[in-house]
Amino acid sequence: MNEITGVRITRVGVDLAKQVIQVHAVDASGQRVAARAIKREQFFAWCTQLPTGCVVAMEACSSAHYWARKLRAQGLEPRLIAAHFVTPYRMEGKGGKNDATDAAAICEAASRPSMRFVPIKTCEQQGVMSLHRVREGLKEERTACINQIRGVLTEFGLVFGKSPKVLRAVLTDIIEDASNELSTMARLVLQRAFEHWRELDEHMRWCDRQVGLHVRSSPAAKRAAKVIGIGELGASALTAGVGDFTQFKSGHQFGAWLGVVPRQASSGGTIRLGRITKRGDDYLRTLLIQGAKAAVMSADKRDDPISRWLAQLTVRVGWQKACVAMANKNARILWAVMTREEGFNSEHISIKPHAKQQEGKAVVDPASICAAGVA
């Protein structure tokens, strides 16, 4: 029996916040047992009264993984749900959004047998991902700093090439050149902004060194980094962001989770494919596509099956579509490399499981060539 209400609670929906946490608890029949707001410091004590194995569902948001780890250690069953999977279960729709309806919607969504849950990250995974988030913030700040410098220079009729290298090479001379129209205050501003730029560069180099250390210390990241178009940055982020690749049944499902598969609008037996869905983590998908772009641009310099396929595809469908196709292929290759715990082999040719045998030989689907890329 539950110490809070006198009835056995089987599922709890939790709407997390910084100070006040809303809970919505139901019994085995789905009837509401408790619905209340709890202060943050009292939430864990309230959860300790729940029966062992009780499902505690939360949206995958800030602090959700922290609470999930604590609740799992307490013998409960935490489940994290992506926010866009919760919205359809809000009874009042988008117009009636509040903490109570959010907690009820989370509780209802967790009861669906087909619901997909977010794996709970470890402290180590979150540590590595925090490194990547900080690096992204530094990169955006550096871009803003460079644009500010360009803006100041443009006000005085000084315009240079788009490359940061071009601007860096001439900036010191421009600040010291007395023949231009820069005022004393403008020179001081540019000098301080230039120092900030160099400081941000040093922070970025530190982040890159930490990423390299993570890749070299992680066998999984080492394997991922060898895939064409992944690299150290992508390998570090993907292995830390995904964690257990066996949670996906196939490489196609992993690609769909990353949002690099086409959106469908099929009906009546007619298949219509549109642009990629862009679901999942924007950062991981961006790294995958940026790495694919590098692979596409250097495909003519390599002679492996993947590069030959990529060169032919680029001619046939264009550069942009080839990049997205390569990103999708890399997602499948990465899933195979991680789940089989084998090294990447660019010469590997995969055979679909359902390929028929004709005259004692396996029929190889050309579209499946190099889909796995595993030795």
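All values derive from a computational prediction rather than experimental measurement.

Turning our eyes to something else, we now look at the pairing of strand 3 (residues 32–39). In the sheet, strand 2 (residues 20–26) pairs with strand 3 via seven bridges, with the strands oriented antiparallel. Bridged to Val 20 within strand 3 is Lys 39. Where strand 2 folds back onto strand 3 in an antiparallel hairpin, the turn is made up of five residues, including Gly 30, whose phi is positive at roughly 90°.

Okay, the sheet that holds strand 1 (residues 11–15) next. Reading across the sheet, the five strands line up as 3-2-1-4-5 and stay open at both edges, with mixed pairing between neighbours. Each having just a single partner strand, strand 3 and strand 5 (77–81) make up the two edges of the open sheet. On average, adjacent strands in this sheet sit at an angle of 20° to one another, irrespective of strand direction. With five bridges connecting them, strand 1 and strand 2 associate as antiparallel partners. The residue bridging Val 12 from the neighbouring strand is Ala 25, located in strand 2. Of the strands in this sheet, strand 1, strand 2 and strand 3 are in contact with helix 1 (residues 40–47), which crosses strand 3 at around 145°. Docked against the sheet, helix 4 (residues 99–110) engages strand 1, strand 2, strand 4 (55–59) and strand 5, running at close to 140° with respect to strand 1.

Another point: the packing of aromatic side chains. Counted under the stated rule, the structure contains seven aromatic pairs. Aromatic pair Phe 248 and Trp 257: ring centres 5.2 Å apart, planes at 55°, arrangement tilted. Since its relative accessible area comes to 30%, Trp 257 is described here as partly exposed. A connected cluster of aromatic rings, assembled from ring pairs, spans Phe 245, Phe 248, Phe 254 and Trp 257. One Lys or Arg, Lys 70, reaches over the ring of Phe 44 and ends 4.3 Å from the middle of that ring. Above the face of the Trp 309 ring, Lys 329 is positioned so that its terminal group lies 4.2 Å from the ring centre.

Any two packed helices are characterised by how steeply their axes cross, that is the angle between the axes, and by the distance between the axes. Between helix 10 (residues 251–258) and helix 13 (residues 319–340), the least distance of the axes is 8 Å, while the angle of their chain directions is 125°. On the basis of their axis angle, the class for helix 10 and helix 13 is oblique. In the crossing of helix 10 with helix 13, the sense of the turn from one axis to the other is right-handed. Contacts between helix 10 and helix 13 involve Gly 251, His 252, Phe 254, Gly 255 and Leu 258 on the former and, on the latter, Asn 328, Ala 331, Arg 332, Leu 334 and Trp 335. Among the residues making up the contact of helix 10 with helix 13, the classes are represented as five nonpolar, four polar and one charged.

Scoring rules and cut-offs
Residues numbered from 1 in each chain as written. Predicted model: local features only at pLDDT ≥ 70, side-chain atom pairs only at ≥ 80, totals over all residues. Heavy atoms only, no water. Pairing = 2+ DSSP bridges. Helix = DSSP H or I, 4+ residues; strand = E, 2+ residues; numbered from the N terminus. Axes fitted to C-alpha atoms, helices over the stretch in contact; angles between N-to-C directions. Contact = heavy atoms within 4.5 Å. Phe/Tyr/Trp six-rings, centres within 6.5 Å; stacked < 30°, edge-to-face > 60°. Buried < 20%, exposed > 50% of the residue type's maximum accessible area, 1.4 Å probe, protein only. Lys NZ or Arg CZ within 6 Å of the ring centre and 35° of its normal. Parallel < 35°, antiparallel > 145°, perpendicular 65-115°, else oblique. Left-handed = near helix turned anticlockwise from the far one by under 90°. Nonpolar A, V, L, I, M, F, W, Y, C, P; charged D, E, K, R; others polar.

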